[in-house]
Amino acid sequence: MKSVAVITGAASGIGRGMAERFAAEGMAVVLADIEEEPLAKLEADLRAKGATVLAVKTDVSNAKDVENLAEQTLDAFGAVHILCNNAGVVCSRPIWEHSIADWEWVLGVNLWGVIHGIRAFVPRMLAQETKCHIVNTASILGLVRGAGEGIYKVSKYGVVALSETLADELAQKGSQIQVHVLCPGWVRTGILDSARNRPDVLQNPELETQQTLGASRNVRAEMESGMSSAEVADHVYKAIQDGTFYIHTHPELKTWVYARMEGILG
């Protein structure tokens, strides 16, 4: 029986990198994304390479969608061995200027998407009584402090805490499920353009401020010179093999983590 990997946010960026890597390793891959056309294209590309693929349009902020993803995965393959709660979005402005819609959108995808993934899949994975892995995508910004990207940081801090607690509780239970939290630095993805998938009901009526656009340009320059999604997928695959919990794609950024820890400890 092939191992089965489920990846949310699979149609682009880090999700696509993981899907391609897992498929290359001979796994069956379940692709979940809110964007239908890129999702269908990736499904076709992987099938053309001989991969076993199931594509499921999924809005991870919607609990019913994620439950449907779990049901379709089990119906098709009977098991899931790797779950990558990866879908993510971002919007940027000073934290006090964010609208309620901003908070609901970013937390809905970045944090609630992981929560829904855990609620839908962990009970099914426990019932399998087989070795499984859960990879939750956080960020280096979920481990450090500083100005900017406020809602995104809140969501990623939440993913880190959620992953740590889940890992400890599953270990306490003696489960065969191993948890990993991915904390990448700059990666060449399309996340800065994620507003293309923002629901109409969570749109802001006002125009973006110049401050917001300027911040996005600065971050965009960093990301365009960043690591490829394929390289991130290599880190993830190795961490699964090695049993690594915190997955650091950019070890040099640990200095930022040390700085925060020193501030906490005094």
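Our structure is the block above this text.
Residues numbered from 1 in each chain as written. Predicted model: local features only at pLDDT ≥ 70, side-chain atom pairs only at ≥ 80, totals over all residues. Heavy atoms only, no water.

Undergrad: I'd like to hear about the overall build of the protein, residue by residue, with values.
TA: Helix and strand counts for the protein stand at 9 helices and 7 strands. The dimensions of the protein, computed from C-alpha atoms along their principal axes, are 55 × 45 × 30 Å. Relative to its 266 residues, the protein shows a buried fraction of 51%. Accessible surface computed for the protein: about 12700 Å², of which carbon and sulfur atoms make up 53%. (Helix = DSSP H or I, 4+ residues; strand = E, 2+ residues; numbered from the N terminus. Buried < 20%, exposed > 50% of the residue type's maximum accessible area, 1.4 Å probe, protein only. Areas by Shrake-Rupley, 256 points an atom, 1.4 Å probe, with all protein chains shown as cover.)

Undergrad: Describe the environment of Val60, listing the residues and the values that go with them.
TA: In this fold, Val60 is placed in the loop between strand 3 (53–57) and helix 3 (63–77). On the basis of relative accessible area, Val60 is assigned to the buried category, the value being 8%. Put simply, Val60 and Ala101 are 41 residues apart on the chain and 17 Å apart in space, counted from C-alpha to C-alpha. Excluding residues within four positions of it along the chain, Val60 makes contact with Thr8, Val66, Ala87, Gly108, Val109, Trp112, Gly113 and His116. (Contact = heavy atoms within 4.5 Å.)

Undergrad: Summarise the pattern of salt bridges; cite the residues concerned and give the values.
TA: Within the structure shown, the criterion is met by 12 salt bridges. Note that Arg124 and Glu67 form a salt bridge whose closest N and O atoms lie 2.7 Å from each other. Here Arg124, found in helix 5 (residues 112–128), pairs with Glu67, found in helix 3; they are 57 residues apart in sequence, far enough to count as distant. Take Arg124: its relative accessible area is 23%, and that puts it in the partly exposed class. On the basis of relative accessibility, which here comes to 30%, the residue Glu67 falls in the partly exposed class. (Salt bridge = Lys/Arg side-chain N within 4 Å of Asp/Glu carboxyl O.)

Undergrad: How would you summarise helix 8 (residues 229–242) if you had to cite specific residues and measurements?
TA: Across its 14 residues, helix 8 extends 20 Å between first and last C-alpha, which sits within 8% of the 20 Å expected from 1.5 Å per residue. For helix 8, the elements touching its buried residues are helix 1 (13–24), strand 4 (82–85), strand 5 (132–137), strand 6 (177–182) and strand 7 (246–247). The positive-phi residue at the C-terminal boundary of helix 8 is Gly243, with phi of around 75°. (Expected span 1.5 Å × (residues − 1).)

Undergrad: If you had to explain the packing of aromatic side chains to someone new, which residues and values would you point to?
TA: Enumeration over the complete set of coordinates arrives at 1 aromatic pair. Judged by centre distance (4.6 Å) and plane angle (85°), the rings of Phe245 and Tyr246 are edge-to-face. Judged by its relative accessible area of 35%, Tyr246 falls in the partly exposed class. (Phe/Tyr/Trp six-rings, centres within 6.5 Å; stacked < 30°, edge-to-face > 60°.)

Undergrad: Can you explain the packing of helix 5 against helix 6 (residues 150–173)? Please cite residues and give values.
TA: The angle between the axes and the distance between the axes are what describe a pair of packed helices. Relative to each other, helix 5 and helix 6 sit at 15°, their axes nearing to 12 Å. Here helix 6 runs roughly parallel to helix 5, going by the angle between their axes. As helix 5 packs across helix 6, the resulting crossing turns out to be right-handed. In this structure, helix 5 uses Val114, Ile115, Ile118, Val122 and Leu126 to contact helix 6, whose residues at the interface are Val159, Leu162, Leu166, Leu170 and Lys173. Residues of the contact of helix 5 with helix 6, tallied by class, amount to 9 nonpolar, no polar and 1 charged. (Axes fitted to C-alpha atoms, helices over the stretch in contact; angles between N-to-C directions. Parallel < 35°, antiparallel > 145°, perpendicular 65-115°, else oblique. Left-handed = near helix turned anticlockwise from the far one by under 90°. Nonpolar A, V, L, I, M, F, W, Y, C, P; charged D, E, K, R; others polar.)

Undergrad: Can you lay out the packing of helix 3 against helix 5 for me, pointing to particular residues and giving the numbers?
TA: Close contact between helix 3 and helix 5 brings their axes to 8 Å; oriented N to C, the two are set at 25°. With respect to their mutual orientation, helix 3 and helix 5 come out roughly parallel. Considering only the axes of helix 3 and helix 5, their crossing is right-handed. For the pair helix 3 and helix 5, contact is made by Ala63, Val66, Glu67, Leu69, Ala70, Glu71, Thr73 and Leu74 and by His116, Gly117, Ala120, Phe121, Arg124 and Gln128, respectively. Tallied by class, the residues present in the contact of helix 3 with helix 5 amount to 7 nonpolar, 4 polar and 3 charged.

Undergrad: I'd like to hear about helix 3, residue by residue, with values.
TA: What sets the pattern is the α-helix's 3.6 residues per turn: residues three or four places apart point alike. The terminal C-alpha atoms of helix 3 lie 21 Å apart, and with 15 residues this matches the ideal 21 Å at 1.5 Å per residue to within 8%. Among all positions in helix 3, only Val66, Leu69, Ala70 and Thr73 are buried. All buried residues of helix 3 project into a common sector of 95° when viewed along the axis, lining one side. Residues of helix 3 that are exposed and point over 90 degrees away from its buried face: Lys64 and Asp75. Where helix 3 is buried, its residues meet strand 1 (4–8), strand 2 (28–33), strand 3 and helix 5. Regarding helix 3, its N-cap is Asn62, as a side-chain oxygen of that residue lies 2.9 Å from the backbone nitrogen of Lys64 further along. Just downstream of helix 3 lies Gly78, where phi reads positive at about 80°. (Arc of directions from axis to C-beta. Polar contact = N/O pair within 3.5 Å; in protein donor to acceptor, adjacent residues only side chain to side chain.)

Undergrad: Requested: an account of the sheet that holds strand 4, with residues and values cited.
TA: Taking strand neighbours across the sheet as the criterion, the 7 strands line up as 3-2-1-4-5-6-7 in an open arrangement whose pairing is parallel. With partners counted over all chains shown, the strands left at the sheet margins are strand 3 and strand 7, one partner each. Sheet analysis places strand 2 next to strand 3, joined by 5 bridges and oriented parallel. Looking at the pairing, Val30 lines up with Leu54 of strand 3. Here helix 3 sits on the sheet in contact with strand 1, strand 2 and strand 3, set at roughly 160° to strand 3. (Pairing = 2+ DSSP bridges.)

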